[in-house]
Every structure is written in structure tokens, then in C-alpha cells.
Amino acid sequence: MLKKVSAILIMFVMIFSLSGCASGGYEINIYSDGRILESFYVELNKNAIELAGYDYLAVQTETLDKFENVRTNFIDAFYAADNGLDLIEKSQIRQGIRFPSVENNVIGVSFLFSSYETYKLFYGIVDDPEQPSNKTVETKLFYIKTTTVTSTAFKNAQNSTLASQLLDYFSNPANGNIEFNLSDIDFSYSYATASTKLKSNANRVYYSTSGLKVHTWQVPADNYDMQIEFYEYQIISTWWYILALGTTLIFILFLLIKHNIEVYKSKKQQVITLSTKLE
């Protein structure tokens, strides 16, 4: 599972998903060629926003500006980091950090990475071999089950300092008539992968138009730190081979026994028929 998400954008999605004025979510797509597409979106409810006394275009502009500011901050931090890359290499990675856009009331921004290595470089992730493993391995007779326990992208988002800053916008009487808060928010978190064998405890599992298997969880407002689980199964071929041989042997013995019984019945019937004729 990926180790980092853009918590600032996650928090922004949360704020603009308040009390039905919008719905927001996060999705990460892992393609078979190693590419990673990270997406954040907010779908604004124009009627709800205007009924609450807010200017819809102002909210839309605020959303776009925040998305762009966060995008710029990430890029600036990436260029300032001493990660061993030259300007040309950094520029190549930066090309995948797309500009936010709006279409049919949906405002979104996406970051495309060519590999997990470039993903780590952009966010400054350093693998820690001493970090406790979140994987549990269970060895059964016919398979090995690996369970990975992790959190969604919304973990600890309610504690972000950005939360108070953004909530100020929705508590200012000059902006609208209704003060929004975080009490009635449900968010969605999606993890999409090319692996069709990966299983999970997701609320919904389906296949996208690009053929990825999508695992989606609904994240309630009272449990942003909820844990999610992924399951992977590895077949122990030796025992399945032995089982197959044993089953085949039993089947052959069954056929032999059945054949012998039929032969016996046939001979017995012949004897009975012969005896009847002699009488």
C-alpha cells in the first residue's frame, strides 16, 4: 500500500464537502505498468450552496485557488528538496502534476507519477526498514493469507491546522448565512489496482472502465482514523498437487469398484438366466 497522500488537499476536500453543499473524495490508481494516478475531487452542489447564502462562483473560485495553491506548494517543496535529481529530471516529474480543472460542477486535480519511485521522490518519502510492519501472514494447509492493515487518506485530517483556516470561510457571516462544520460528513476513499486477486473489506468493489479493480470505502465523520484491510492469497501448490493426486486415485478406485460390481452383476444375471433355461 502507498505510504503517503496529500493531506492538505484531503483536508480541503473535507471542508468543501460540508453539510451537503458538496461531495468529495480521494482515489489512487495503480496501473499494471507501474504508473500511479492520485486524484482529488469536489463536486459542488450549486443549489445547496446558494440556499445557504453563499455565492456559488465565489466558492468555486475559492476551491480552484486552494487547489492551485496546494499544487504550487508541493512543486516548490519538490524543487527545493535535495533528492539527487537535476532540474531536467525534476521537470520531467513535474509534468505529471496537473493543473486543477472544473467540469459540470466537479473540481478536481490529479497527480500522475511514472512509478512508485517518482511518487516517493516527489513527496520526499524515505522507506524506514525499522517501521513496524502492518502485514500479518497466516499459513494454512492449502494457502498463505497476507493481511495488510492500513488507514485511508483521511487519517488525522480532522487535526490539520488547515481545517480551522478553511472553516473560517464558512463561519464568516459576510460569506453566507449558514455556518458549516465537520459533524455530518461522509467521504469516500478508493484504491484501484490492476491486480484482480487483491481482496479487501471495502464497502464496494467494482471494475473501472480502464479495467482496474476498485476498492471503495465510505469514511464516516466520527471515524476518520478507521482502518481498512487488504487480503492476498498465495496457493501452496504442493498440497494441492497431493490433493489432486489423491482425488484422482480415489476416483480411479471408484471406477474400478463400480466396474467390478457391474461385471459381478452381469455374471450373476447370466447364471440366473442359464438356470432358468435349464429348469
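Residues numbered from 1 in each chain as written. Predicted model: local features only at pLDDT ≥ 70, side-chain atom pairs only at ≥ 80, totals over all residues. Heavy atoms only, no water.

1. Structural notes on the overall build of the chain
Applicable threshold: Numbering of helices and strands runs from the N terminus, with a helix taken as a DSSP run of H or I at least four residues long and a strand as a DSSP run of E at least two residues long. Three labels apply to residues, based on accessible area from a 1.4 Å probe with only protein chains included: buried if under 20% of the type maximum, exposed if over 50%, partly exposed otherwise in between. Every residue pair with non-hydrogen atoms within 4.5 Å of one another is taken to be in contact.
Within the chain one finds seven helices and 11 strands. Out of the 279 residues in the chain, the part that is buried amounts to 35%. Relative to all contacts within the chain whose residues are 6 or more apart in sequence, the contacts with residues 24 or more apart total 67%.

2. Observations concerning the pairing of strand E4 (residues 106-113)
The side chains of a regular strand alternate between both faces of the sheet. Condition: Should DSSP find at least two bridges between two strands, the strands are regarded as paired.
Among the eight residues of E4, six are classified as buried, and the element is accordingly described as predominantly covered. As paired elements, strand E3 (residues 101-103) and E4 share three bridges and run antiparallel to each other. Within E4, the residue paired with Glu103 across the bridge is Val106. Counting the residues that bridge the hairpin from E3 to E4 gives two residues, and of these Asn104 lies at a positive phi of roughly 50°.

3. Digging into the packing of aromatic side chains
How we decide: Classification of ring pairs rests on two measures: the distance between centres of Phe, Tyr or Trp rings, Trp counted by its six-membered ring, which must be within 6.5 Å, and the angle between planes, read as stacked under 30 degrees, edge-to-face over 60 and tilted in between.
Counted by the stated rule, this structure contains 19 aromatic pairs. Pairing Phe113 with Tyr119 gives two aromatic rings, centres 5.2 Å apart and planes at 80°, and the pair type is edge-to-face. Take Phe113 and Tyr119: they sit in the same class, and that class is buried. Arranged with centres 6.0 Å apart and planes meeting at 35°, the rings of Tyr189 and Trp217 form a pair that is tilted.

4. Looking at the packing of helix H3 (residues 56-80) against helix H5 (residues 116-123)
Here is the rule: Helix axes are fitted to C-alpha atoms over the stretch in contact, other axes to C-alpha atoms as well, and angles between N-to-C directions run from 0 to 180 degrees. Here the angle decides the label: under 35 degrees means roughly parallel, over 145 means roughly antiparallel, 65 to 115 means roughly perpendicular, and every other value means oblique.
Packing of H3 against H5 brings their axes to within 8 Å, and their N-to-C directions diverge by 95°. Between H3 and H5, the angle falls in the class roughly perpendicular. On the side of H3, the interface is formed by Phe74, Ile75 and Phe78, while H5 contributes Leu121, Phe122 and Tyr123.

5. Comments concerning the environment of Glu229
Formally: Whenever a nitrogen or oxygen atom comes within 3.5 Å of another N or O atom, the pair is scored as a polar contact, on the condition that within protein one atom can donate a hydrogen and the other can accept it, and that pairs from neighbouring residues in sequence are kept only if both atoms are in side chains.
With respect to the secondary-structure elements, Glu229 resides in strand E11 (residues 227-235). The exposure class of Glu229 is partly exposed, given its relative accessible area of 27%. Expressed as a C-alpha distance, the spacing of Glu229 and Thr150, which sit 79 residues apart in the sequence, is 6.4 Å. Ignoring anything within four residues of it in the chain, the contact list for Glu229 reads Thr147, Thr148, Val149, Lys199, Ser200, Asn201 and Trp217. Engagement of the side chain of Glu229 in a polar contact is seen with the side chain of Tyr231, the distance being 2.6 Å.

6. Some thoughts on the packing of H3 against helix H4 (residues 87-94)
What counts here: Two helices that cross are described as forming a left-handed crossing if the nearer one is turned anticlockwise from the farther one by less than a right angle, and a right-handed crossing if clockwise. As a working rule, the residues Ala, Val, Leu, Ile, Met, Phe, Trp, Tyr, Cys and Pro are called nonpolar, Asp, Glu, Lys and Arg charged, and the rest polar, with Gly in that last group.
Between H3 and H4, the shortest axis-to-axis distance is 11 Å and the interhelical angle comes to 155°. Put simply, H3 runs roughly antiparallel to H4. Seen from above, H3 lies across H4 with right-handed handedness. Here Arg71, Ile75, Phe78 and Tyr79 of H3 lie close against H4, whose contacting residues are Leu87, Lys90, Ser91, Ile93 and Arg94. Classifying every residue of the contact of H3 with H4 gives five nonpolar, one polar and three charged.

7. Quick word on the pairing of strand E2 (residues 36-44)
Judged by how many residues are buried, E2 sits mostly within the fold: seven of nine residues are covered. Two strands pair when backbone bridges link them, and E2 and E4 are joined in this way by eight bridges, in the antiparallel orientation. Its bridge partner lying in E4, Phe40 is registered against Val109.

Geometric values such as these leave the question of function open.
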